[in-house]
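What follows is each chain in one-letter form.
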Amino acid sequence: MPEYPNRQFLNFEQPIKDLYEQIDQTKKLADKNTKVDYTHTIIQLQDSIIEKRREITENLTPWQRVQLSRHPDRPYTLKYIDKMSTNFIELHGDRNVKDDKAMVGGFAQLAGETVMFIGQQKGINTKMRQLRNFGMANPEGYRKALRLMRLAEKFNKPVITLIDTPGAFPGMEAEERGQGEAIARNIYEMIRLKVPVICVIIGEGASGGALGIGVGDRVLMLENSWYTVISPENCSSILWRSWDMKETAAEQLKLTSDNMFEFGLVDGVVPEPVGGAHWSYDEAALILKNYLVPIIKELKQIDPAERVKQRIEKFGKMGFWEELPQ
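I will try to describe carefully the structure that is included in this document.

About the cut-offs
Residues numbered from 1 in each chain as written. Predicted model: local features only at pLDDT ≥ 70, side-chain atom pairs only at ≥ 80, totals over all residues. Heavy atoms only, no water. Helix = DSSP H or I, 4+ residues; strand = E, 2+ residues; numbered from the N terminus. Rg over C-alpha atoms; globule rule 2.2 N^0.38 Å. Buried < 20%, exposed > 50% of the residue type's maximum accessible area, 1.4 Å probe, protein only. Contact = heavy atoms within 4.5 Å. Areas by Shrake-Rupley, 256 points an atom, 1.4 Å probe, with all protein chains shown as cover. Lys, Arg positive; Asp, Glu negative; His and termini not counted. Charge placed at Lys NZ, Arg CZ, Asp CG, Glu CD. Salt bridge = Lys/Arg side-chain N within 4 Å of Asp/Glu carboxyl O. Expected span 1.5 Å × (residues − 1). Axes fitted to C-alpha atoms, helices over the stretch in contact; angles between N-to-C directions. Parallel < 35°, antiparallel > 145°, perpendicular 65-115°, else oblique. Nonpolar A, V, L, I, M, F, W, Y, C, P; charged D, E, K, R; others polar. Core = buried A, V, L, I, M, F, W, Y, C linked by side-chain atoms within 4.5 Å. 1 Å grid on protein atoms, 1.4 Å probe; cavity = no way out; pocket = protein on both sides within 12 Å on 5 of 7 lines; lining within 4 Å. Points joined across faces, edges and corners; volume = space filled by probe spheres on them. Pairing = 2+ DSSP bridges.

1. Some details on the overall build of the protein
Helix and strand counts for the protein stand at 14 helices and eight strands. For 326 residues, the compact-globule formula gives about 20 Å, and the C-alpha radius of gyration of the protein, at 21 Å, lands near that figure. Along the first, second and third principal axes, the C-alpha set of the protein runs to 75 × 50 × 40 Å. In the protein, which comprises 326 residues, the proportion classed as buried is 50%. Within the protein, counting contacts between residues at least 6 apart in sequence, those at least 24 apart form 70% of the total. When the accessible surface of the protein is split by element, carbon and sulfur atoms take 51% of a total near 16,400 Å². Considering the protein, the positive charge centre built from 43 side chains and the negative charge centre built from 45 side chains are found 6 Å apart.

As structure tokens, this is what we get:
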């Protein structure tokens, strides 16, 4: 986790950056004037940072939550796996085309329980972002995910998916290799898996890219994540022919975690550390782990056939509609 001054700040986090700068200035004064004790002042400023983080996140607009979900310091899938579990063994390849670096997965131990982790991985710097294709998986990524799910089913191990993608890769080569079919196949197969499946949106949950690993017995969202059919920018460009209306689009899409929970599209909202997950990777991972462990225990008590039946019913009744009189 980057520490100041390497930490990055969004526009609405500027007041927090200002407080860090005040601490720096106070420490420099303390070095110059050793006769005055500035410890209490520094402690007060540190407390102010925590309070300012709380104040900012309590009043976020939908667009600001979208920005927070994309925060460059935010933990990604591999970071959550590293912080939550032990003995992670990453598995590679779809046994057909190649190993898609945007989709990662493998067995790990979570609180003594062997589970299969699968998720999109964004890069932590420019070079890694290019390698990971910015978390946008190709068809082979979704086929790799499906292969790992079937492997987990073979050994009767729960599946946990961590969703963080701006969407499946929309390039011509991805379409040529069957992007739509790969996502549709995953949805079809996931709803029939005989092992417990838990899906967590940890950042961006956009379109079919998220749905390709997003069908489970329980679907959770982190507090500052979003989940919808299209990004606010692309929605704005379609409706208004410009990205300038992205904030309005974010508001109208109702894409935040509280909206999704209200609509019944997710089963729970996982709180984040004060100010967002990027302020404490350890705390963010611990909070999520404490949600996952009891859910796994709960789902394992249900007969596999009943679990599949409940999963089908859960997704079958989603949405709002009105039947016209005949």
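Moving on from the model shown.
2. So, the pattern of salt bridges
Opposite charge on two side chains permits pairing when their charged atoms draw close. Across all of its chains, the model carries 20 salt bridges by this definition. Between Glu272 and Arg74 there is a salt bridge; the shortest N-O distance is 2.7 Å. Residue Glu272 is found in the loop between strand S8 (268–270) and helix H13 (281–300), and its partner Arg74 is found in the loop between helix H3 (62–69) and helix H4 (77–84); the two are separated by 198 residues along the sequence. One salt bridge in this structure joins Asp164 and Lys122, with 3.2 Å as the shortest N-O distance. Of this pair, Asp164 sits in strand S4 (residues 159–165) while Lys122 sits in the loop between strand S3 (113–120) and helix H5 (126–131); the two residues are 42 residues apart in sequence, bridging distant segments of the chain.

3. Digging into helix H6 (residues 139–154)
Taking 1.5 Å of rise per residue, 16 residues should cover 22 Å, and H6 covers 23 Å from first to last C-alpha, within 8% of that figure. For H6, every residue scored as buried is listed here: Pro139, Glu140, Gly141, Tyr142, Lys144, Ala145, Leu146, Arg147, Leu148, Met149 and Ala152. The inward-facing, buried residues of H6 abut strand S2 (103–110), S3, S4, helix H7 (172–176), helix H8 (179–190) and helix H9 (207–211). In the stretch just after H6, Asn156 is the one whose phi turns positive, near 60 degrees.

4. Here's the deal with the packing of helix H1 (residues 14–32) against helix H2 (residues 39–58)
Following both chains from N to C, one finds H1 and H2 inclined at 175 degrees, their axes separated by 9 Å at the closest point. Classified by the angle between their axes, H1 and H2 sit roughly antiparallel to one another. Contact residues: Pro15, Ile16, Leu19, Tyr20, Gln22, Ile23, Thr26 and Lys27 in H1; Thr41, Ile42, Leu45, Gln46, Ser48, Ile49, Lys52, Arg53 and Ile56 in H2. Class assignment for the residues of the contact of H1 with H2 results in nine nonpolar, five polar and three charged.

5. What to know about the nonpolar core
One finds Ile118, Tyr142, Met149, Val159 and Ile213 to be the most contacted residues of the largest nonpolar core, which totals 31 residues. Among residues more than four places away in sequence, those in contact with Met149 are Ile118, Val159, Met190, Leu193 and Ile213. Val200, Ile202, Val293 and Leu299 belong to the second-largest nonpolar core, a separate cluster that totals 26 residues.

6. Examining empty space enclosed by the protein
Within this structure, the stated rule accounts for two cavities of 30 Å³ or more. Every residue lining the largest cavity is listed: Phe12, Glu13, Ile16, Arg53, Ile56, Thr57, Leu60, Leu68, Gly275 and Trp279. Looking at the lining of the largest cavity element by element, the count peaks at three residues for H2. Of the pockets and cavities examined, the second largest cavity occupies roughly 30 Å³.

7. A few points about the pairing of S3
With six of eight residues buried, S3 lies mostly within the body of the structure. By the bridge criterion, eight bridges tie S2 to S3 in an arrangement that is antiparallel. When the bridges of S3 are listed, Phe107 appears paired with Met116. Hairpin geometry of S2 and S3 is characterised by an intervening segment of two residues between the two adjacent antiparallel strands and by a positive phi of about 55 degrees at Ala111.

8. Concerning the environment of Ile296
Examined against the element boundaries, Ile296 turns out to sit in helix H13. According to the relative accessible area criterion, Ile296 is buried, its value standing at 4%. It is 8.5 Å that separates the C-alpha atoms of Ile296 and Val197, two residues lying 99 residues apart in sequence. Leave out the neighbours within four places in its chain, and Ile296 touches Leu110, Glu113, Val115, Pro158, Ile160 and Ile198.

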